[in-house]
Amino acid sequence: MRKRGSVDEWNKTIKLSSDNFYKTILEISKDPKKYEGWTILLTGEVSRDDRSLPEGVVTVGRVAMTCCIADTSRFGIAAYSDHGKLPMGSWVRVKGTLGTMTSHGQLLPDVHPVAITKAPPVLGFIYP
């Protein structure tokens, strides 16, 4: 087992940061079953933009920019929540366990939080 950037295979832990947020979510999305049960740590903004998500699920993410300000979009990972505890637009730090869900016809990773705390906004965009 080894550690590759934010993915620590030895401890089965994934730590997302501004530098690896986009790349790492794409990596774990390729084979989400491989990461089931792993611990994930991330900071992001709470969103309910994806109305296809089940009740009680939000996206915790960041704003991604691939070229210019006109092409920005939210990018994150689904997380189970109590809407009263996670107001839309709030910034949170989440520690949770990775699971899987089917959304938009694909098997994707999701987060089952074990700890959620308020976080200061992270300025700037994430980049692919």
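Rules used in this analysis
- Residues numbered from 1 in each chain as written.
- Predicted model: local features only at pLDDT ≥ 70, side-chain atom pairs only at ≥ 80, totals over all residues.
- Heavy atoms only, no water.
- Helix = DSSP H or I, 4+ residues; strand = E, 2+ residues; numbered from the N terminus.
- Buried < 20%, exposed > 50% of the residue type's maximum accessible area, 1.4 Å probe, protein only.
- Contact = heavy atoms within 4.5 Å.
- 1 Å grid on protein atoms, 1.4 Å probe; cavity = no way out; pocket = protein on both sides within 12 Å on 5 of 7 lines; lining within 4 Å.
- Points joined across faces, edges and corners; volume = space filled by probe spheres on them.
- Nonpolar A, V, L, I, M, F, W, Y, C, P; charged D, E, K, R; others polar.
- Salt bridge = Lys/Arg side-chain N within 4 Å of Asp/Glu carboxyl O.
- Polar contact = N/O pair within 3.5 Å; in protein donor to acceptor, adjacent residues only side chain to side chain.
- Pairing = 2+ DSSP bridges.
- Phe/Tyr/Trp six-rings, centres within 6.5 Å; stacked < 30°, edge-to-face > 60°.

## Topic: the side chain of threonine 59
Piece 1. Inspection of the secondary structure assignment puts threonine 59 in strand S5 (residues 57-64).
Piece 2. Under the relative-accessibility criterion, threonine 59 is labelled buried at 17%.
Piece 3. Apart from the residues lying within four places of it in its own chain, the contact partners of threonine 59 are Glu45, Val46, Ser47, Leu53, Gly76, Ile77 and Ala78.

## Considering the layout of surface pockets
Piece 1. Its boundaries defined by the atoms lining it, the largest pocket holds a volume of some 370 Å³.
Piece 2. Along the walls of the largest pocket sit 18 residues, with Thr59, Gly76, Ile77, Ala78 and Leu108 positioned nearest its centre.
Piece 3. Secondary-structure elements contributing two or more residues to the lining of the largest pocket are helix H1 (21-30), strand S6 (73-80), strand S7 (91-103) and strand S8 (106-118).
Piece 4. It is S6 that contributes the most residues to the lining of the largest pocket, five residues altogether.
Piece 5. Taken together, the residues of the lining of the largest pocket sort by class into nine nonpolar, six polar and three charged.

## Regarding the pattern of salt bridges
Close approach of charged atoms allows side chains of opposite charge to pair.
Piece 1. All told, the structure shown has three salt bridges when counted by the stated rule.
Piece 2. We note a salt bridge from arginine 74 to glutamate 45, for which the minimum N-O separation is 3.1 Å. Of this pair, arginine 74 sits in strand S6 while glutamate 45 sits in strand S4 (residues 39-47), and the two are 29 residues apart along the sequence.
Piece 3. The exposure class assigned to arginine 74 is partly exposed, which follows from its relative accessible area of 43%.
Piece 4. Given a relative accessible area of 17%, glutamate 45 falls into the buried group.

## Some words on the environment of tyrosine 35
Piece 1. Among the structural elements, tyrosine 35 can be located in the loop between H1 and S4.
Piece 2. For the pair tyrosine 35 and tyrosine 127, spaced 92 residues apart in sequence, the C-alpha separation works out to 23 Å.
Piece 3. Among the polar contacts made by the side chain of tyrosine 35, one reaches the side chain of glutamate 27 at a distance of 3.2 Å.

## Description of the pairing of S5
Piece 1. Of all eight residues making up S5, seven are buried, and the element is well covered by its neighbours.
Piece 2. Summarising the sheet, S4 and S5 pair through three bridges and their orientation is antiparallel. Across the sheet, the residue bridging to valine 46 is valine 60, located in S5.
Piece 3. Sheet analysis places S5 next to S6, joined by eight bridges and oriented antiparallel. Considered in S6, the bridge of alanine 64 is made with serine 73.

## Remarks on the packing of aromatic side chains
Piece 1. What the rule picks out here adds up to two aromatic pairs.
Piece 2. Where tyrosine 35 meets tryptophan 38, the ring centres are 4.8 Å apart and the plane angle is 75°; that geometry is what we call edge-to-face.
Piece 3. The class for tyrosine 35 is buried, based on a relative accessible area of 3%.
Piece 4. On the basis of relative accessibility, which here comes to 5%, the residue tryptophan 38 falls in the buried class.

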